[in-house]
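# Descriptive structure summary
One letter stands for each residue in the lines below.
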Amino acid sequence: MGQEELMNTAEDVADQFLRVTKQYLPHLARLCLISTFLEDGIRMWFQWNEQRDYIEATWSCGYFLATCFVLINLIGQLGGCVLILSRNFVQYACFGLFGIIALQTVAYSILWDLKFLMRNLALGGGLLLLLAESRSEGKSMFAGVPSMGESSPKQYMQLGGRVLLVLMFMTLLHFDSSFFSILQNMVGTALIILVAIGFKTKLAALTLVVWLLAINVYFNAFWTVPAYKPMHDFLKYDFFQTTSVIGGLLLVVALGPGGVSMDEKKKEW
């Protein structure tokens, strides 16, 4: 079987998967996408004192401001998750979660840690895709009304979301000389480039979902570490952040790459 035939077969399998899961995929994508915010909001509730004391000690901002920080994170994240899952005021919920990401990036000094900064940007990419989806739903209410085409911000949200999502994979590259690491880096890099430029997008994104899911379960198995050990919380944080990026990729699979992509341009050739 030649390379082109193999690619066509893979695309047929992906299309068959999409046909079977079409009505469930957006819901699963949303649930995965908000999982890290949901987990962090619940953690703020159960670790209220520890979180407040950490912020107060780190920033010397006093008891009141530290309490406000924890409260904003708790209400903002849990409230945003409820709105997104119930499909009410999704755009406002997304902007609120953007604010939470920005607040945490500064408060936890993530701005100076490249790995965690790239992962937070990848989370932002997932939210951009969710914004694009919410715009699609809003337009579908006006079916039959003449449209100016899809050169609206939605296209660029999808482009920005795709590009930011692939930053997660840059943090998973291993720079050593083993054959497996080199192969993994080459395949992973090829797939993230395909997603970023929007070529064979659904197949590439679906492959990345499978790959990232396997890596997440294998490397971030927090349930195998006793809850009292610090590594438990570290792995749990990583697990849910990665799950959120999987949700963003599932949105790419469900929505397609959008107008600013090689797949869309091919239709004009």
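Residues take numbers from 1 onward in each chain, read along the sequence in its written order. For this predicted model, a pLDDT threshold of at least 70 governs which residues receive local features, and a threshold of 80 or more governs which side-chain atom pairs are given and counted, while totals over whole chains, interfaces and linings are taken from all residues. The side-chain figures draw on all heavy atoms in the structure; neither hydrogens nor water molecules are used.

Here is the rule we go by: UniProt positions are given in the numbering used here, feature names are shortened, and annotations may be inferred rather than shown by experiment.
Under an unreviewed UniProt entry, the name given to the chain is Surfeit locus protein 4, and the organism recorded is Clupea harengus. Entered under Sequence similarities (unreviewed entry) in the UniProt record, the comment concerning the chain runs "Belongs to the SURF4 family."

### Description of the packing of helix α11 (residues 201-219) against helix α12 (residues 230-255)
The criterion, for reference: Lines fitted to C-alpha atoms define the axes, with helix axes restricted to the stretch in contact, and inter-axis angles between N-to-C directions lie between 0 and 180 degrees. Going along the chain from the N terminus, every DSSP run of H or I of four or more residues is numbered as a helix, and every run of E of two or more is numbered as a strand. Convention used here: angles under 35 degrees read as roughly parallel, angles over 145 as roughly antiparallel, angles from 65 to 115 as roughly perpendicular, and any remaining angle as oblique. Take the far helix as your reference; a near helix turned counterclockwise from it by less than a right angle gives a left-handed crossing, and one turned clockwise gives a right-handed crossing. Whether two residues touch is decided by their heavy atoms; if any such pair falls within 4.5 Å, the residues are in contact.
At their nearest, the axes of α11 and α12 sit 9 Å apart, and the two run at 165 degrees to each other. In terms of orientation, α11 and α12 fall into the roughly antiparallel class. Between α11 and α12 lies a crossing whose hand is left-handed. Contact residues: Thr201, Lys202, Ala205, Leu206, Leu208, Val209, Leu212, Leu213, Asn216 and Phe219 in α11; Leu235, Asp238, Phe239, Thr242, Thr243, Val245, Ile246, Leu249, Leu250, Val252 and Val253 in α12.

### A word on the side chain of Asp238
Formally: Relative accessibility decides the category of a residue: with a 1.4 Å probe and only protein chains considered, values under 20% of the type maximum give buried, values over 50% give exposed, and everything between is partly exposed.
Of note, Asp238 is situated in helix α12. Looking at Asp238, the relative accessible area reads 5%, which means it is buried. Contacts of Asp238, omitting those with residues within four sequence positions, involve Phe116, Arg119, Asn216 and Asn220.

### A few points about the UniProt feature "transmembrane region" (unreviewed entry) in the chain
Per the UniProt annotation, the sites labelled "transmembrane region" (unreviewed entry) are residues 63-85, 92-111, 179-196, 203-219 and 239-260. Helix makes up 100% of residues 179-196 and strand 0%, whereas the separation of the span's terminal C-alpha atoms amounts to 26 Å. End C-alpha to end C-alpha, residues 203-219 measures 24 Å, and it is 100% helix and 0% strand.

### Brief notes about the pattern of salt bridges
A side chain of one charge can pair with a side chain of the opposite charge if their charged atoms are brought near each other. Selection rule: By convention in these notes, a salt bridge is any Lys or Arg side-chain nitrogen within 4 Å of a carboxyl oxygen on Asp or Glu.
Going through the model one piece at a time under the given rule, you end up with five salt bridges. Residue Arg52 is joined to Asp53 by a salt bridge in which the shortest nitrogen-to-oxygen separation is 3.3 Å. Residue classification places Asp53 among the partly exposed residues on the basis of a relative accessible area of 39%. A salt bridge links Asp238 to Arg119, with the shortest nitrogen-to-oxygen separation between them at 2.8 Å.

### Considerations on α11
Structurally, the α-helix is built with 3.6 residues per turn, so residues lying three or four positions apart point the same way. Our working definition: Under the convention used throughout, the expected extent of a helix is 1.5 Å for every residue step, that is, one less than its residue count.
In this model α11 runs 26 Å from its N-terminal to its C-terminal C-alpha over 19 residues, within 8% of the 27 Å that 1.5 Å per residue would give. Residues of α11 that are buried include every one of Thr201, Leu203, Ala204, Ala205, Leu206, Leu208, Val209, Trp211, Leu212, Ile215 and Asn216, and no others.

### Here's the deal with helix α2 (residues 25-33)
Under the convention used in this document: The directions from the helix axis to the C-beta atoms are what the arc is built from.
Considered for burial, the residues of α2 that qualify are Leu25, Pro26, Ala29, Arg30, Cys32 and Leu33. Angularly, the buried residues of α2 cover 165 degrees about the axis, an arc narrow enough to put them on a single face.

### Observations regarding unusual backbone geometry
At Arg87, a position not held by glycine, the phi torsion is positive, near 60 degrees. Along the polypeptide, Arg87 turns up in the loop between α5 (62-86) and α6 (90-107). Notably, Ser109 is not glycine yet its phi reads approximately 55 degrees, a positive angle. The topology assignment puts Ser109 in the loop between α6 and α7 (114-140).

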